[in-house]
Amino acid sequence: GQGFKVTRKYIVDTAFRAVFSQGEGGGSNIGVICEYDALPEIGHACGHNLIAESGVAAAMGLKAVLLANPSVSGTITVLGTPAEEGGGGKIDLIDAGAFADVDICMMVHPEKTNMMAPITLAVNHAEAVFTGH
């Protein structure tokens, strides 16, 4: 949908891959993860439903940026990653090469509180310099 080429049952029966590309090749492939699952008797207790919809919103925003800049080549890859609570859906996708062509990948995870310095299990600092318009 929405100009993305969607592959259902991508590697895992309940996973998907949606790709939007612009240009004649080149450019970066930006990955966006949409986690989703529900826990028995609890449902969406830790916000994975919000991760999925935030990921879709981020992908649509990135697509709008590409369309507003027709001279820019790039790809947006949205990966639906189920079974994150104990099932390890991303592990199966990683092992099968789902991220092999993705240059950078992002995801948002909601939290019940606002924190200036959240505790993270892994972090990588990067500096980006933007030039132009």
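Residues numbered from 1 in each chain as written. Predicted model: local features only at pLDDT ≥ 70, side-chain atom pairs only at ≥ 80, totals over all residues. Heavy atoms only, no water.

**Brief notes about the overall build of the protein**
Reasoning step 1: In terms of helices and strands, the protein carries two helices and five strands.
Reasoning step 2: Moving toward the C terminus, one meets the helices and strands of the protein in the order β-β-β-α-β-α-β.
Reasoning step 3: The principal-axis extent of the C-alpha atoms belonging to the protein is close to 50 × 40 × 25 Å.
Reasoning step 4: Going through the 133 residues of the protein one by one, you find that 30% of them count as buried.
Reasoning step 5: Roughly 9100 Å² of accessible area belongs to the protein as shown, and the carbon and sulfur atoms make up 57% of that amount.
Reasoning step 6: Of note, the protein has its 7 positive side-chain charges centred 8 Å away from the centre of its 14 negative side-chain charges. (Helix = DSSP H or I, 4+ residues; strand = E, 2+ residues; numbered from the N terminus. Buried < 20%, exposed > 50% of the residue type's maximum accessible area, 1.4 Å probe, protein only. Areas by Shrake-Rupley, 256 points an atom, 1.4 Å probe, with all protein chains shown as cover. Lys, Arg positive; Asp, Glu negative; His and termini not counted. Charge placed at Lys NZ, Arg CZ, Asp CG, Glu CD.)

**Here we look at unusual backbone geometry**
Reasoning step 1: Although it is not a glycine, Lys-9 adopts a positive phi angle of roughly 50°.
Reasoning step 2: With respect to the helices, strands and loops of the structure, Lys-9 is situated in the loop between β1 (5-8) and β2 (16-22).

**Topic: the environment of Glu-24**
Reasoning step 1: Looking at where Glu-24 falls in the secondary structure, it is placed in the loop between β2 and β3 (29-36).
Reasoning step 2: On the basis of relative accessible area, Glu-24 is assigned to the exposed category, the value being 83%.

**Side note on the sheet that holds β1**
Reasoning step 1: Across the sheet, which stays open at both edges, the five strands sit in the order β1-β2-β4-β3-β5 with mixed pairing between neighbours. The two strands at the open ends of the sheet, each matched to only one other strand, are β1 and β5 (104-106). The average angle at which neighbouring strand axes cross in this sheet is 20°, direction not considered.
Reasoning step 2: As paired elements, β1 and β2 share four bridges and run antiparallel to each other. Pairing of Arg-8 across the sheet is with Phe-16, part of β2. (Pairing = 2+ DSSP bridges. Axes fitted to C-alpha atoms, helices over the stretch in contact; angles between N-to-C directions.)

**Some remarks on the pairing of β2**
Reasoning step 1: Of the strand pairs in this sheet, β2 and strand β4 (residues 74-82) are connected by seven bridges, and their pairing is antiparallel. Paired with Phe-20 across the strands is Ile-76, a residue of β4.

**Considerations on the pattern of salt bridges**
A side chain of one charge can pair with a side chain of the opposite charge when the charged atoms of the two come close.
Reasoning step 1: Under the definition given, this model contains two salt bridges.
Reasoning step 2: Between Asp-101 and Arg-17 there is a salt bridge; the shortest N-O distance is 2.8 Å. Linking Asp-101 in the loop between α2 (89-95) and β5 with Arg-17 in strand β2, this pair joins segments that are 84 residues apart in sequence.
Reasoning step 3: Relative accessible area serves as the criterion here: at 41%, Asp-101 is assigned to the partly exposed category.
Reasoning step 4: Arg-17 sits in the buried class, given a relative accessible area of 10%.
Reasoning step 5: With its nearest N and O atoms 2.4 Å apart, the salt bridge here joins Lys-90 to Glu-35. (Salt bridge = Lys/Arg side-chain N within 4 Å of Asp/Glu carboxyl O.)

**Overview of the packing of aromatic side chains**
Reasoning step 1: Within the structure shown, the criterion is met by two aromatic pairs.
Reasoning step 2: Considering the side-chain rings of Phe-16 and Tyr-36, the 6.2 Å spacing of their centres and the 10° angle between planes classify their relative orientation as stacked. Of this pair, Phe-16 sits in strand β2 while Tyr-36 sits in strand β3; the two residues are 20 residues apart in sequence, bridging distant segments of the chain. (Phe/Tyr/Trp six-rings, centres within 6.5 Å; stacked < 30°, edge-to-face > 60°.)

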